[in-house]
Amino acid sequence: AILRASTDKISMLDNADVKILHHPWQIFQLNDWALRHDFKLLTQNRLSQAVSSTNKCINESQIFIEEGAVVEHCILNASEGPIYIGKNAIVMEGNMIRGPFAIGEQSVLKMGSRIYGATTIGPNCTAGGEIKNSVFFEFSNKAHDGYLGDSVLGAWCNLGAGTSNSNVKNTGGEVKYYINKEMKALAAGNKAGLLMGDYSRSAINTSFNTGTIVGVCCHIFGNSIPPKYIDNFSWGGERYEFEKALKDIANWKKMKLQKLSIKETEILQKLYLSN
């Protein structure tokens, strides 16, 4: 979601209201708004790459495919919101996508995925399975089956195969997030899922409860449902050793031809020492 505060940008959006985030779950709550306005900004006075005839399109005027993107044998339904496919992205065969939706540059949406709006897949991500009203920051993966709804994944996250989250309580009541170690709870509406910090990962078949917060650089595994608040640098139920955490992050970055920078290391160290 993009925050806009300057009057010149607001005028470009037909005097749209300014949206200010006070809580992290508002990223997915405001994503529908952000997708629609960003689509207008990105596509104004531009022509989309031709949509392949192998696809089934609904409301094709609201579908924009950037140069180098590959989309074949998919159902693209933009009747309820626009669909944006970023440069060099790959949308594999059999995907069913309902807008509003965006996938960033060089990201991959694997075969047979079911995507509901409002969903944003950031650049250099891999996504698959069933996803609804969720936001992926850059270089994050949910590459296999499992459900992700009303959720946010930070940068460099990875959800193991079969990982799913709950976004609605069985009672239908209000979902609350525990926002710190003191277990202070804040209400976030009746649909609220997983909020995962940068560099965090889950083991296969992990099941996250409604209103779960996972901190930065956590490794989630075990035989039970994870707690609803997981502190930064958690390794299962223990404290992640800092040097091991850096090594593991570097390993993940290497798989995407990236390196852990000095600046990132400094930020992580400050966070680790203050935690």
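Residues numbered from 1 in each chain as written. Predicted model: local features only at pLDDT ≥ 70, side-chain atom pairs only at ≥ 80, totals over all residues. Heavy atoms only, no water.

K.L.:
Could you give an account of the packing of aromatic side chains, naming the residues involved and the relevant values?
P.N.:
Any aromatic ring pair is given by two values, namely how distant the centres are and how the planes are angled relative to each other. Summed over the entire model, instances satisfying the criterion amount to eight aromatic pairs. On the basis of an interplanar angle of 10° and a centroid distance of 4.9 Å, the ring pair of Trp 25 and Tyr 177 is categorised as stacked. Here Trp 25, found in the loop between α1 (7-12) and α2 (26-29), pairs with Tyr 177, found in strand β20 (residues 176-178); they are 152 residues apart in sequence, far enough to count as distant. Assessed through its relative accessible area of 0%, Tyr 177 is described here as buried. Plain terms: the ring middles of Phe 221 and Trp 235 are 5.6 Å apart, the flat faces sit at 75° to each other, and that makes the pair edge-to-face. (Phe/Tyr/Trp six-rings, centres within 6.5 Å; stacked < 30°, edge-to-face > 60°. Helix = DSSP H or I, 4+ residues; strand = E, 2+ residues; numbered from the N terminus. Buried < 20%, exposed > 50% of the residue type's maximum accessible area, 1.4 Å probe, protein only.)

K.L.:
Mind laying out helix α5 (residues 262-274), listing which residues take part and the relevant values?
P.N.:
Structural remark: α-helix, 3.6 residues per turn; residues separated by three or four positions point the same way. With 13 residues, α5 extends 18 Å from end C-alpha to end C-alpha; this agrees with the ideal 18 Å at 1.5 Å per step. Along α5, the positions that sit buried rather than exposed are Glu 264, Leu 268 and Tyr 272. Down the axis of α5, the buried set is contained in an arc of 65°. They therefore lie on one face. Along α5, the residues that are exposed and aim more than 90 degrees away from the buried face are Ile 262, Lys 263, Lys 270, Leu 273 and Ser 274. Where α5 is buried, its residues contact β29 (238-239) and α4 (242-255). (Expected span 1.5 Å × (residues − 1). Arc of directions from axis to C-beta. Contact = heavy atoms within 4.5 Å.)

K.L.:
Give me unusual backbone geometry: which residues, what numbers.
P.N.:
Cis geometry marks the peptide bond from Gly 99 to Pro 100, where omega comes out at 0°. As for its position among the elements, Pro 100 is in the loop between β7 (96-98) and β8 (101-103). Between Gly 117 and the following residue, Ala 118, the backbone shows a cis peptide bond with an omega angle of -5°. Note on placement: Ala 118 falls in the loop between β10 (114-116) and β11 (119-121). Even without being a glycine, Gln 106 presents a positive backbone phi close to 65°. Residue placement: Gln 106 occurs in the loop between β8 and β9 (108-109). Residue Gln 106 is classed as partly exposed on the basis of its relative accessible area, which comes to 44%. Its identity is not glycine, yet Phe 233 carries a phi of approximately 55°, on the positive side. Among the structural elements, Phe 233 can be located in the loop between β27 (229-230) and β28 (234-235).

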